[in-house]
Amino acid sequence: MTVYVLVQVLATVVPLLLAVAFLTLVERRVMGAMQRRQGPNVWGFGGLLQPFFDGLKLLLKEPILPSTADQPLFMWAPVLTFLTSQAAWAALPTSSAGAVSDLNLGTMYFLAIGSLGVYGILLAGWASNSKYAFLGCCRSVAQMISYELPMGLIVLTTAVVANSLNWTVLVETQQWVWFLLPLWPLGVIWMICCLAETNRAPFDLPEAEAELVAGYNVEYSSMGFALFFIAEYANLILMSTVTSLLFLGGTGAPLAILSFLPGALWLSLKTLLVLFMFVWVRATLPRYRYDQLMTLGWTVCAVALLFML
Amino acid sequence: MIEYLGVIVYFMVATVLGVVMFWAATQCSSQRLDLEKLTAYECGYDAFGEARSPFDVGFYLVAILFLVFDLEVAFLIPWALGGVLSGWAGLAALLLFLAVLVVGFVYEWGKGALDWNSPETL
């Protein structure tokens with residue numbers, strides 16, 4: 001039993017890490033195309049080997065433990081961030097067969113793990129004992145918790161509609177009509193929340209290069225940085241998958257006659273679509289100001305959602 | 001409870017993977033440390049002042065407000081599941097609960113707690 005579960009878990013983690021690797025490539029290529037430049041295209045066919053060389057390079061870089069840092073915390077923070085970015089996948093039904101662990105409280109589990117993600121960032125910013133890292137972590141945490149609120153309310157609303165917190169039931173409810181159609185205002189707010197929650201442009205203030213250099217992970221080099229980076233992109237993929245599950249019908253086929261194709265394929269296609277939108281947004285929109293960001297999160301989203309409910 | 005086995009295994013796998021990756025990096029790379037590298041990064045200057053400095057009380061306020069409202073969401077979840085069964089009485093109770101919260105929300109908004117630019121109004 002345990003071995004079977006272990007195999008299942010590995011069958012989720014390994015493709016996820018590969019997906020993260022290729023997502024970095026896709027992002028750079030797509031943004032390159034949108035900004036009329038090339039992007040990485042030398043290694044492998046059209047740059048396909050680029051992510052692996054990047055990973056190798058990060059592995060061979062010199063890890064630095066700043067002398068003023070709180071060292072145990074400093075070392076555990078990236079591991080914790082990595083862990084929380086992976087753990088939420090346990091409950092998501094990534095194929096028609098269901099999830100690794102099909103929890104009745106699946107959506108609650110997702111929200112809980114999402115909240116835990118804040119701790120890794122908080123630890124990293126605090127343990128680094130550096131001003132930039134600390135400011136970056138303050139911003140990051142305030143932003144993430146602010147947008148978790150509307151997120152929780154959105155998930156709650158879908159739970160009311162589906163009358164369940166189980167992901168599988170949620171997907172089955174959307175068999176005939178995707179939640180995006182009746183609940184489209186929620187969908188719009190959800191996308192904004194996803195962008196803010198994953199610290200992506202136009203809400204990437206925590207890592208605003210021009211003022212904070214990189215935010216909470218400024219003191220990290222080598223694999224410490226790589227783990228944060230992987231976690232960030234894994235969170236991005238996670239949010240896209242959750243978007244597909246909540247609003248785009250998850251593993252269900254868009255038309256009944258197309259349902260002979262496997263559910264995992266449909267989920268992947270929908271997730272890719274959402275991911276592409278994330279990259280598109282990053283290439284298109286300028287960065288928000290921090291006070292505007294917080295005001296948007298607390299007033300506009302919260303009020304709109306309470307009315308929706 | 002058996003379905004939580006996947007969650008536990010997932011936690012273990014992810015932790016081990018993270019630790020192994022971190023450890024591998026320390027083994028694979030050469031380290032040439034010096035004092036400048038080990039001090040906190042501050043755009044090339046010698047660090048001045050403490051990183052443990054006072055910070056904007058706004059961050060603290062946001063965290064406190066978040067606690068209250070996240071708890072509210074947590075309280076709403078049982079209604080989301082059993083709401084259909086509890087009928088009009090359930091709906092009335094929910095609306096009462098929400099009304100109390102909205103009063104609180106309006107109060108904090110009026111106080112300026114949500115206005116990031118003017119923490120001095122507090």
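Residues numbered from 1 in each chain as written. Chains lettered and ligands numbered in written order. Predicted model: local features only at pLDDT ≥ 70, side-chain atom pairs only at ≥ 80, totals over all residues. Heavy atoms only, no water.

### Concerning the overall build of chain A
And then number 1: Counting its secondary structure elements, chain A contains eleven helices and zero strands.
And then number 2: The linear arrangement of helices and strands in chain A, starting from the amino end, is α-α-α-α-α-α-α-α-α-α-α.
And then number 3: Here chain A, with 309 residues, has 57% of them falling under the buried criterion.
And then number 4: For chain A, contacts bridging at least 24 residues in sequence account for 76% of all contacts bridging at least 6.
And then number 5: Of the roughly 12,600 Å² of accessible surface on chain A, a fraction of 71% belongs to carbon and sulfur atoms. (Helix = DSSP H or I, 4+ residues; strand = E, 2+ residues; numbered from the N terminus. Buried < 20%, exposed > 50% of the residue type's maximum accessible area, 1.4 Å probe, protein only. Contact = heavy atoms within 4.5 Å. Areas by Shrake-Rupley, 256 points an atom, 1.4 Å probe, with all protein chains shown as cover.)

### Concerning the overall build of chain B
And then number 1: When you go through chain B residue by residue, the secondary structure sums to three helices and zero strands.
And then number 2: For chain B, the α and β elements follow one another from N to C terminus as α-α-α.
And then number 3: Within chain B, counting contacts between residues at least 6 apart in sequence, those at least 24 apart form 48% of the total.
And then number 4: Per element, the accessible surface of chain B, about 7,900 Å² overall, is 73% carbon and sulfur.

### A closer look at the environment of A:Leu23
Residue and element names in this part refer to chain A.
And then number 1: Note on placement: Leu23 falls in helix 1 (residues 2-34).
And then number 2: Judged by relative accessible area, which is 7%, Leu23 ranks as buried.
And then number 3: Sequence spacing of Leu23 and Phe276 is 253 residues, and the spatial spacing of their C-alpha atoms is 9.7 Å.

### Describing the UniProt feature "transmembrane region" (unreviewed entry) in chain B
And then number 1: Here the UniProt-annotated "transmembrane region" (unreviewed entry) positions come out as residues 6-25, 57-81 and 87-107 of chain B.
And then number 2: Secondary structure content for residues 6-25 of chain B is 100% helix and 0% strand, and the end C-alpha separation is 29 Å. (UniProt positions renumbered as here; feature names shortened; annotations may be inferred.)

### Details of the UniProt feature "transmembrane region" (unreviewed entry) in chain A
And then number 1: Taken from the UniProt record, the annotation "transmembrane region" (unreviewed entry) applies to residues 6-26, 73-92, 107-128, 149-170, 176-196, 225-249 and 255-281 of chain A.
And then number 2: Across residues 107-128 of chain A, helical content stands at 100% and strand content at 0%; the span's end C-alpha atoms are separated by 33 Å.

### Topic: the packing of helix 1 of chain A against helix 1 (residues 5-28) of chain B
And then number 1: The interhelical angle for the contact between helix 1 of chain A and helix 1 of chain B, taken along N-to-C directions, is 50°, at an axis separation of 9 Å. In terms of orientation, helix 1 of chain A and helix 1 of chain B fall into the oblique class. Two packed elements cross with a definite hand, and for helix 1 of chain A against helix 1 of chain B that hand is right-handed. Across from A:Thr2, A:Val5, A:Leu6, A:Val9, A:Leu10, A:Thr12, A:Val13 and A:Leu17 in helix 1 of chain A, the residues of helix 1 of chain B making contact are B:Leu5, B:Gly6, B:Val9, B:Tyr10, B:Val13 and B:Leu17.
And then number 2: Looking at the contact of helix 1 of chain A with helix 1 of chain B residue by residue, the class counts come to eleven nonpolar, three polar and no charged. (Axes fitted to C-alpha atoms, helices over the stretch in contact; angles between N-to-C directions. Parallel < 35°, antiparallel > 145°, perpendicular 65-115°, else oblique. Left-handed = near helix turned anticlockwise from the far one by under 90°. Nonpolar A, V, L, I, M, F, W, Y, C, P; charged D, E, K, R; others polar.)

### What to know about the side chain of A:Lys270
Residues and elements named next belong to chain A.
And then number 1: With respect to the secondary-structure elements, Lys270 resides in helix 10 (residues 263-284).
And then number 2: For Lys270, a relative accessible area of 7% translates into the label buried.
And then number 3: Not counting chain neighbours up to four residues away, the residues in contact with Lys270 comprise Trp178, Ser244, Leu248, Gly249, Gly250 and Gly252.

### Examining the packing of helix 2 (residues 50-60) of chain A against helix 9 (residues 222-247) of chain A
All names here are of chain A.
And then number 1: Contact pair helix 2 / helix 9: the axes reach a minimum separation of 7 Å and the direction vectors enclose 140°. Overall, the two elements helix 2 and helix 9 adopt an arrangement that is oblique. Contacts between helix 2 and helix 9 involve Gly55, Leu58 and Leu59 on the former and, on the latter, Ser222, Met223, Phe225 and Ala226.

### Side note on the side chain of A:Thr241
Residues and elements named next belong to chain A.
And then number 1: Note on placement: Thr241 falls in helix 9.
And then number 2: Within the local environment of Thr241, its side chain forms a polar contact with the backbone oxygen of Ile237, the two atoms lying 2.7 Å apart.
And then number 3: Discounting residues that sit within four places of it in the chain, Thr241 has contacts with Trp89, Leu92, Leu267 and Thr271. (Polar contact = N/O pair within 3.5 Å; in protein donor to acceptor, adjacent residues only side chain to side chain.)

### Description of a nonpolar patch on the surface
Residues and elements named next belong to chain A.
And then number 1: The grouping of Leu6, Leu10, Val14, Leu18, Trp43, Leu49, Phe52, Phe53, Leu56 and Leu60 at the surface amounts to a nonpolar patch, some 900 Å² of accessible area in total.
And then number 2: Among the elements of the structure, helix 1 and helix 2 are those that each provide at least two residues to the nonpolar patch.
And then number 3: By the secondary structure assignment, Leu56 is in helix 2.
And then number 4: By relative accessible area, Leu56 is classed as partly exposed at 46%. (Patch = residues over 30% accessible without salt bridge, like charges linked within 9 Å, V, L, I, M, F, W, Y side chains within 5 Å. Salt bridge = Lys/Arg side-chain N within 4 Å of Asp/Glu carboxyl O.)

### Observations concerning the packing of aromatic side chains
All names here are of chain A.
And then number 1: If you walk through the whole model with that rule in mind, you get four aromatic pairs over all chains.
And then number 2: Centre to centre, the rings of Trp190 and Phe247 are 6.1 Å apart; their planes meet at 55°, and the pair counts as tilted. Residue Trp190 is found in helix 7 (residues 184-197), and its partner Phe247 is found in helix 9; the two are separated by 57 residues along the sequence. Residues Trp190 and Phe247 agree in their burial class; the two are buried.
And then number 3: Between Phe229 and Tyr233 the ring centres are 4.9 Å apart and the planes differ by 40°, which places this aromatic pair in the tilted class. You can see Phe229 and its partner Tyr233 sitting in helix 9, four residues apart, about one turn around the helix. (Phe/Tyr/Trp six-rings, centres within 6.5 Å; stacked < 30°, edge-to-face > 60°.)

### Overview of the nonpolar core
And then number 1: Counting 68 residues, the largest nonpolar core has A:Phe110, A:Trp167 and A:Trp190 as the members making the most contacts within it.
And then number 2: Sequence-distant contacts of A:Trp167, that is, excluding residues within four places in its chain, are made with A:Ala91, A:Leu92, A:Pro93, A:Gly106, A:Thr107, A:Phe110, A:Val242, A:Leu245 and A:Leu246.
And then number 3: The next biggest cluster of nonpolar side chains, apart from the first, holds 26 residues, and it includes A:Ile121, A:Ile145, B:Leu76 and B:Phe105. (Core = buried A, V, L, I, M, F, W, Y, C linked by side-chain atoms within 4.5 Å.)

### Describing helix 9 of chain A
Since the α-helix packs 3.6 residues into each turn, any two residues three or four apart lie on the same face.
Residue and element names in this part refer to chain A.
And then number 1: Helix length check: helix 9, at 26 residues, gives a terminal C-alpha distance of 38 Å against a target of 38 Å (1.5 Å per residue), a fit within 8%.
And then number 2: Counting buried residues along helix 9, 23 of its 26 residues qualify, which places the element largely inside the surrounding structure.
And then number 3: Looking one or two residues past helix 9, Gly249 carries a phi angle of roughly 80°, positive in sign. (Expected span 1.5 Å × (residues − 1).)

### Here we look at the state of the cysteines
And then number 1: Tallying each qualifying case throughout the model produces zero disulfides over all chains.
And then number 2: You can see A:Cys194 has no disulfide; the closest cysteine sulfur is in A:Cys193, sitting 7.1 Å from it. (Disulfide = S-S within 2.5 Å.)

### What to know about the environment of A:Leu73
Residue and element names in this part refer to chain A.
And then number 1: For Leu73, the location among the structural elements is in helix 3 (residues 71-87).
And then number 2: Residue classification places Leu73 among the partly exposed residues on the basis of a relative accessible area of 28%.
And then number 3: Between the alpha carbons of Leu73 and Gly120 there is a distance of 9.5 Å; along the sequence they are 47 residues apart.
And then number 4: Setting aside its immediate chain neighbours within four residues, Leu73 contacts Leu123 and Ala127.

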